[in-house]
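Structural characterization, general
Each chain is listed here by its residues.
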Amino acid sequence: MAVKINIYTNPAGLKHDTGPGHPESPARLEAVLSLFGQAPFDVVPLLKCREMELSPLLYAHSRNYIDSIAEMTPDEGYRYLDADVIMSPDTWEAAVTAANTLCRAVDDVMAGDCDRAFCAVRPPGHHAMPDQAMGFCFFGNVFIGARHAQEKYGIKRIAIIDFDVHHGNGTDAMTRGAEGIFFISSHQSPFYPGTGDPRDDQTGKILNIPLSAGAGSKEFRSVYEAQVFPALEEFRPELMMISAGFDAHHDDPLASLNLDEHDYLWVTEKLAALAEKYCGGRIISTLEGGYDLKALQASVAAHLQGLM
Ligand SMILES: [Zn+2]
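Treat the numbers as computed from the prediction; the structure is a model and nothing was measured.

1. What to know about the side chain of His187
Mapped onto the elements of the fold, His187 is located in strand β7 (residues 181-188). Given the relative accessible area of 0%, His187 is considered buried. Discounting chain neighbours no more than four positions away, the residues touching His187 are Asp164, Val165, His166, His167, Thr195, Gly196, Asn208, Ile209, Pro210 and Leu211.

The structure is reproduced here in structure tokens:
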């Protein structure tokens, strides 16, 4: 039986302006969305999410923090929360709709409207802490989607796999306080944001896998074979979610791992096979990093091929 995939995007993500020269730019989302006008992705539904519900954000963040992001949104120009996190007038709408997009994708997958979903959203989410925006991120999109799946559909075991080159410190911190979520992150280390040491977790809810600068396909595939896939076999998730960042690509300007698009196809096919075995095929993936536009586009295409 053919696998049905839906693609989601938040139109406000194209308007979230981070200023001249910022790597997390609207051009990233434009590069990804341009895939959907051409074969083989022209047949895939592209759904737009404009939902501005604030209640799902409370799964990951305090009311005070959410209100502070709303209040700090500038009426014009830019507001620098730090050197990386920059707000413009459309940032609030982009950040809220990005998180809502994950919930919408969960709803449609759980309703059986599709088997798999990819959320092409901005801003990304995996560095957002419960009470602090950081690393280009405002709200914990993937974690919010996971908690929505738990609360609305009673899903008991959810695995979040994060292969972005940076440690998903926000998702890690949120997972520590949650039940029924297993977070796996492979990341360059030592590197931004400085967290993700495997020895830091005593909860058993986190599997952090550091990769040295310069590591490539061979090292990446061997840690997934040796650690990630066996851990997923043991956890037996009912739903799989992916923080799909593509900045471990060798062309990426921000980091120093040496993956290419074939590695993203490989890992996605392996994860999809595990999802078939344990999750009824259900996977919800969301865009995190990836800053070389050509590499990002090729890597997202490979990831989608793996999902399909
Ligand atoms: Zn990243």
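Now that the structure is up, let's keep going.
2. Concerning the side chain of Asp252
Topologically, Asp252 is positioned in the loop between β9 (239-244) and α7 (261-278). One buried charged residue, Asp252, forms no salt bridge at all, with the nearest opposite charge on Arg28 at 7.2 Å. At a separation of 2.9 Å, a polar atom in the side chain of Asp252 contacts the main-chain amide nitrogen of Leu254.

3. Quick notes on unusual backbone geometry
Of note, the amide linkage connecting Arg122 to Pro123 takes the cis form, showing an omega dihedral of -10°. Among the structural elements, Pro123 can be located in the loop between β5 (116-120) and α4 (141-153). Here the amide bond leading from Tyr192 into Pro193 is cis, since omega sits at 5°, within 30 degrees of zero. When you line up the elements, Pro193 lands in the loop between β7 and β8 (206-211).

4. Some details on the sheet that holds β8
Sheet architecture is open: 8 strands sit in the order β2-β1-β5-β10-β9-β6-β7-β8, paired in parallel fashion. Single-partner strands in this sheet number two, and they are β2 (46-48) and β8. On average, adjacent strands in this sheet sit at an angle of 15° to one another, irrespective of strand direction. With 5 bridges joining them, strand β6 (residues 158-162) and β7 adopt parallel strand pairing. Counterpart to Ile160 in the pairing with β7 is Phe183.

5. Focus on the pairing of β6
Counting buried residues in β6 gives 5 out of 5 residues, a clear majority hidden from the surface. Alternating positions in β6 separate into two faces, Ile158, Ile160 and Asp162 on one and Ala159 and Ile161 on the other, with burial throughout. Where the polypeptide runs from β6 across helix α5 (residues 169-176) and back to β7, its parallel neighbour, the crossover connection is right-handed. Here 5 bridges tie β6 to β9, and the two strands are oriented parallel to one another. Paired with Ile161 across the two strands is Ile242, which belongs to β9.

What counts and how
- Residues numbered from 1 in each chain as written.
- Predicted model: local features only at pLDDT ≥ 70, side-chain atom pairs only at ≥ 80, totals over all residues.
- Heavy atoms only, no water.
- Helix = DSSP H or I, 4+ residues; strand = E, 2+ residues; numbered from the N terminus.
- Buried < 20%, exposed > 50% of the residue type's maximum accessible area, 1.4 Å probe, protein only.
- Contact = heavy atoms within 4.5 Å.
- Lys, Arg positive; Asp, Glu negative; His and termini not counted.
- Salt bridge = Lys/Arg side-chain N within 4 Å of Asp/Glu carboxyl O.
- Polar contact = N/O pair within 3.5 Å; in protein donor to acceptor, adjacent residues only side chain to side chain.
- Pairing = 2+ DSSP bridges.
- Axes fitted to C-alpha atoms, helices over the stretch in contact; angles between N-to-C directions.
- Right-handed = clockwise from strand over helix to strand, strands pointing away.

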